[in-house]
Amino acid sequence: MTAPEAAELPAQWVWLARIRRPQGRKGEVFADILTDFPEKFADRRRLWLVADPDSPRSKATSAPREVELRAYWLHKGGIVLHFAESNSISAAETLNGLIVAIPLADRAELADDEVYIADIIGCTLIDVSGSAPISIGQIEDVDRSAGPVALLVVRSPQSEEEILIPFAKSYLKAIDLEAKRVEMALPEGLVDLNRPGRA
């Protein structure tokens, strides 16, 4: 199995996990989970290891390579992965900092009311709760560490401030990925409350 040349571009990969360190004596690695669907590892035996563009170490790593997943299990908020190509602690150490990924075309299909978080980054957030739509700003990132509901990190075009908006299903009205537009009906005062420095 070979990847198309375009798959070498970061935009063509779906990141599933980031390898942090060896775990165990048989070549296993511990990784941070980067997917909303860790249970899908049960259906994936062929994965790819790609360089993390934000990691100085992995920039020197060779081109993306396909690996066979032998086993996985969830562990202490992360995931332990064992690849057929890694059978010792020293082999596992060479994987530190790499991203476990699949080609974009292979990602799991979602229900009609679901969306991949990565797809909404770069979209404009529009508040449609009032009589006229209001542009809040561009979605730059998503913070999943704050609690059960992910927070959209939105950059205000007027002030350049970052505004945190809960990505709650009850607020969401429409997503148009082609138009790069996310419409939410936000409670009154929420935007001002979540500006930096506000209590």
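Residues numbered from 1 in each chain as written. Predicted model: local features only at pLDDT ≥ 70, side-chain atom pairs only at ≥ 80, totals over all residues. Heavy atoms only, no water.

Overview of the packing of aromatic side chains
Just so we agree on the cut-off: Classification of ring pairs uses Phe, Tyr and Trp, with its six-membered ring standing for Trp, and accepts pairs whose centres are within 6.5 Å; under 30 degrees between planes counts as stacked, over 60 as edge-to-face, and the remaining range as tilted. A run of DSSP states H or I qualifies as a helix once it reaches four residues; a run of E qualifies as a strand once it reaches two. Both are numbered from the N-terminal end. Using a 1.4 Å probe on the protein chains alone, a residue whose accessible area is under 20% of its type maximum counts as buried, one over 50% counts as exposed, and one in between counts as partly exposed.
Throughout the structure, instances matching the rule amount to two aromatic pairs. Relative to Trp 48, the ring of Trp 13 has its centre 5.5 Å away and its plane inclined at 50 degrees; by these criteria the two rings are tilted. Taken as a pair, Trp 13 in strand E1 (residues 13-22) and Trp 48 in strand E3 (residues 46-50) lie far apart in primary sequence, 35 residues in all. Comparing Trp 13 with Trp 48 shows no difference in burial state: the two are buried. Considering the side-chain rings of Phe 41 and Tyr 72, the 5.7 Å spacing of their centres and the 35 degrees angle between planes classify their relative orientation as tilted. In this pair, Phe 41 sits in the loop between strand E2 (29-33) and E3 while Tyr 72 sits in strand E4 (residues 65-75), placing the two residues 31 residues apart along the sequence.

Description of the confidence of the model for the chain
Condition: pLDDT measures the predictor's confidence residue by residue and takes values from 0 up to 100. Contact definition: two residues touch when any of their heavy atoms are within 4.5 Å.
When pLDDT is averaged along the chain, the result is 84, and 85% of the positions lie at 70 or above. Low confidence marks residues 1-10, where pLDDT is under 50. Its contacts with residues over four positions away, or in another chain, come to 10 contacts.

Brief notes about the side chain of Ser 86
Considering the arrangement of structural elements, one finds Ser 86 in the loop between strand E5 (78-83) and helix H2 (89-93). Given a relative accessible area of 2%, Ser 86 falls into the buried group. Not counting residues up to four positions away in its chain, the partners in contact with Ser 86 are Lys 26, Gly 27, Ala 91, Ala 92 and Leu 95.

Examining the sheet that holds strand E10 (residues 162-166)
Spelled out, the test is: Two strands pair if DSSP finds at least two bridges between them. All axes here are fitted lines through C-alpha atoms, helices being fitted over the stretch that makes contact, and every angle between N-to-C directions spans 0 to 180 degrees.
Reading across the sheet, the six strands line up as E10-E9-E8-E7-E12-E11 and stay open at both edges, with mixed pairing between neighbours. Of all the strands in the sheet, the pair left with one neighbour each is E10 and strand E11 (172-176). The average angle at which neighbouring strand axes cross in this sheet is 35 degrees, direction not considered. As paired elements, strand E8 (residues 134-143) and strand E9 (residues 151-155) share five bridges and run antiparallel to each other. In the sheet register, Val 142 faces E9, and the bridge partner there is Leu 152.

What to know about the sheet that holds E2
The strand order around the closed barrel formed by six strands is E1-E2-E5-E4-E3-E6, and the pairing between neighbours is antiparallel. The average angle at which neighbouring strand axes cross in this sheet is 50 degrees, direction not considered. Here five bridges tie E1 to strand E6 (residues 99-103), and the two strands are oriented antiparallel to one another. Paired with Val 14 across the two strands is Ile 102, which belongs to E6.

Re the pattern of salt bridges
Quick reminder of the rule: Throughout this description, the term salt bridge denotes a Lys or Arg side-chain nitrogen within 4 Å of a carboxyl oxygen of Asp or Glu.
Counting across every chain of the model gives eight salt bridges. As a salt-bridge pair, Arg 18 and Asp 52 come within 3.1 Å of each other at their nearest N and O atoms. Of the two residues, Arg 18 sits in strand E1 while Asp 52 sits in the loop between E3 and helix H1 (56-59), which places them 34 residues apart along the sequence. Exposure class is identical for Arg 18 and Asp 52. Each is buried. Each of the salt bridges in this network shares a partner with another, and the network as a whole consists of Arg 46, Glu 66 and Glu 68.

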